[in-house]
Amino acid sequence: DAMVIQNPRYQVTQFGKPVTLSCSQTLNHNVMYWYQQKSSQAPKLLFHYYDKDFNNEADTPDNFQSRRPNTSFCFLDIRSPGLGDAAMYLCATSGRQGNQPQHFGDGTRLSIL
Amino acid sequence: TQLLEQSPQFLSIQEGENLTVYCNSSSVFSSLQWYRQEPGEGPVLLVTVVTGGEVKKLKRLTFQFGDARKDSSLHITAAQPGDTGLYLCAGAQSGGSYIPTFGRGTSLIVHP
């Protein structure tokens, strides 16, 4: 089935040690999103790609970077994770139009030691 | 200020009870989506509503889009423990960005 796949499902890293989370999609969607979600809260948009165009949210920390080498893959790089970055990270995709729903991966749970 | 005000934020009920979750805005939306998210997983789309006044049913779940396309509700009849999860409404503003806005979410617990 067409889907959004995130790897790994669980990631443990040390304070300050760079970490990369990955997302792949088989839906051929133009738009890919990265969200941060903390317990029982709504997902918070970090940034998104519209095709190759990168769009950063104003309040996304500089510590967070992203790469989209092709349509299918997108990466979230956290350069120097702090304790406050422990969260669920969700990748989502959608088509171009605003009324199209998003398709989410199952997320990566990031823990910081 | 949240563009989409979702309420209630938390709901703890007994199996068999009915409940309604609301999603309200002062803005017009081209569509609204409802998602359910279970612990440790990503949100899963339940429904998209597009037309003002639209009502959609998904088994015991009834979704309504307001006539003016500014609000939506989710009603669950005879809730079951399997309905437990975080319910999220999201939508893209009419004439605005394609990026959807999320409500704060409603965390529902249904006790057996």
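What counts, and where the lines are drawn
Residues numbered from 1 in each chain as written. Chains lettered and ligands numbered in written order. Predicted model: local features only at pLDDT ≥ 70, side-chain atom pairs only at ≥ 80, totals over all residues. Heavy atoms only, no water. Helix = DSSP H or I, 4+ residues; strand = E, 2+ residues; numbered from the N terminus. Areas by Shrake-Rupley, 256 points an atom, 1.4 Å probe, with all protein chains shown as cover. Lys, Arg positive; Asp, Glu negative; His and termini not counted. Charge placed at Lys NZ, Arg CZ, Asp CG, Glu CD. Rg over C-alpha atoms; globule rule 2.2 N^0.38 Å. Buried < 20%, exposed > 50% of the residue type's maximum accessible area, 1.4 Å probe, protein only. Contact = heavy atoms within 4.5 Å. Pairing = 2+ DSSP bridges. Axes fitted to C-alpha atoms, helices over the stretch in contact; angles between N-to-C directions. Polar contact = N/O pair within 3.5 Å; in protein donor to acceptor, adjacent residues only side chain to side chain. Salt bridge = Lys/Arg side-chain N within 4 Å of Asp/Glu carboxyl O.

With that out of the way, let us pick up the overall build of chain B. Broken down by element type, chain B carries zero helices and eleven strands. Start at the N end of chain B and walk to the C end: the helices and strands fall as β-β-β-β-β-β-β-β-β-β-β. Each of the three principal axes of chain B carries a C-alpha extent, and together these read 45 × 25 × 20 Å. Surface accessibility of chain B: about 5,200 Å² in total, with carbon and sulfur atoms responsible for 49%. Of the charged side chains in chain B, 8 are positive and 9 negative, and the gap between their average positions amounts to 6 Å.

Looking only at helices and strands, chain A has zero helices and eleven strands in total. Moving toward the C terminus, one meets the helices and strands of chain A in the order β-β-β-β-β-β-β-β-β-β-β. Computed over C-alpha atoms, the radius of gyration of chain A comes to 13 Å, within 12% of the 13 Å expected from 2.2 N^0.38 for 113 residues, which places it in the range of a compact globule. In chain A, which comprises 113 residues, the proportion classed as buried is 50%. Partitioning the contacts of chain A with sequence separation of at least 6, the portion at a separation of at least 24 is 55%. Within the structure as shown, chain A displays about 5,500 Å² of accessible surface, and the carbon and sulfur contribution to it stands at 47%.

Let's shift gears to the sheet that holds strand β8 (residues 73-78) of chain A. Through backbone hydrogen bonds, the strands of a sheet pair up, either in parallel or in antiparallel fashion. Residue and element names in this part refer to chain A. The sheet built from four strands is open, its strands ordered β1-β3-β8-β7 with antiparallel pairing. Both edges of this open sheet fall to β1 (4-7) and β7 (64-67), since each of them pairs with a single strand only. Ignoring which end each strand starts from, the neighbouring axes of this sheet average 20° apart. Where β1 meets strand β3 (residues 19-25), four bridges bridge the pair, whose relative direction is antiparallel. Bridge pairing in β3 places Q6 opposite C23.

Residues and elements named next belong to chain B. Tracing the chain through its elements places S27 in the loop between β3 (19-24) and β4 (29-37). Residues contacting S27, with those up to four places away along its chain left out, are L3, R69, K70 and Q93. Separated by 3.2 Å, the side chains of S27 and Q93 make a polar contact.

If you walk through the whole model with that rule in mind, you get four salt bridges over all chains. The residue R67(A) makes a salt bridge to D77(A) at a minimum N-O spacing of 2.7 Å. In this pair, R67(A) is assigned in strand β7 and D77(A) in strand β8, connecting sequence segments ten residues apart. With its nearest N and O atoms 2.9 Å apart, the salt bridge here joins D83(B) to R60(B). Of the two residues, D83(B) sits in the loop between β8 (71-76) and β9 (85-93) while R60(B) sits in the loop between β6 (55-58) and β7 (61-65), which places them 23 residues apart along the sequence.

Next up on the list: the environment of E38(B). Mapped onto the elements, E38(B) comes out in the loop between β4 and β5 (44-49). When the C-alpha positions of E38(B) and I99(B) are compared, they lie 23 Å apart, and in sequence the two are 61 residues distant.

By the element assignment, A42(A) lies in the loop between β4 (31-37) and β5 (44-50). Apart from residues lying up to four places away in sequence, A42(A) is in contact with Q36(A), Q37(A), L88(B), F102(B), G103(B) and R104(B).

Once that is clear, we can look at the sheet that holds β6(B). Residue and element names in this part refer to chain B. In space, the five strands of this open sheet follow the order β1-β3-β8-β7-β6, with antiparallel pairing throughout. The open sheet has two free edges, formed respectively by β1 (5-7) and β6, since each of these has just one partner strand. Within the sheet, the average angular offset between the axes of one strand and its neighbour, ignoring direction, is 15°. As judged from the four bridges shared by β6 and β7, these two strands associate in the antiparallel manner. The residue of β7 that forms the bridge with K56 is F63.

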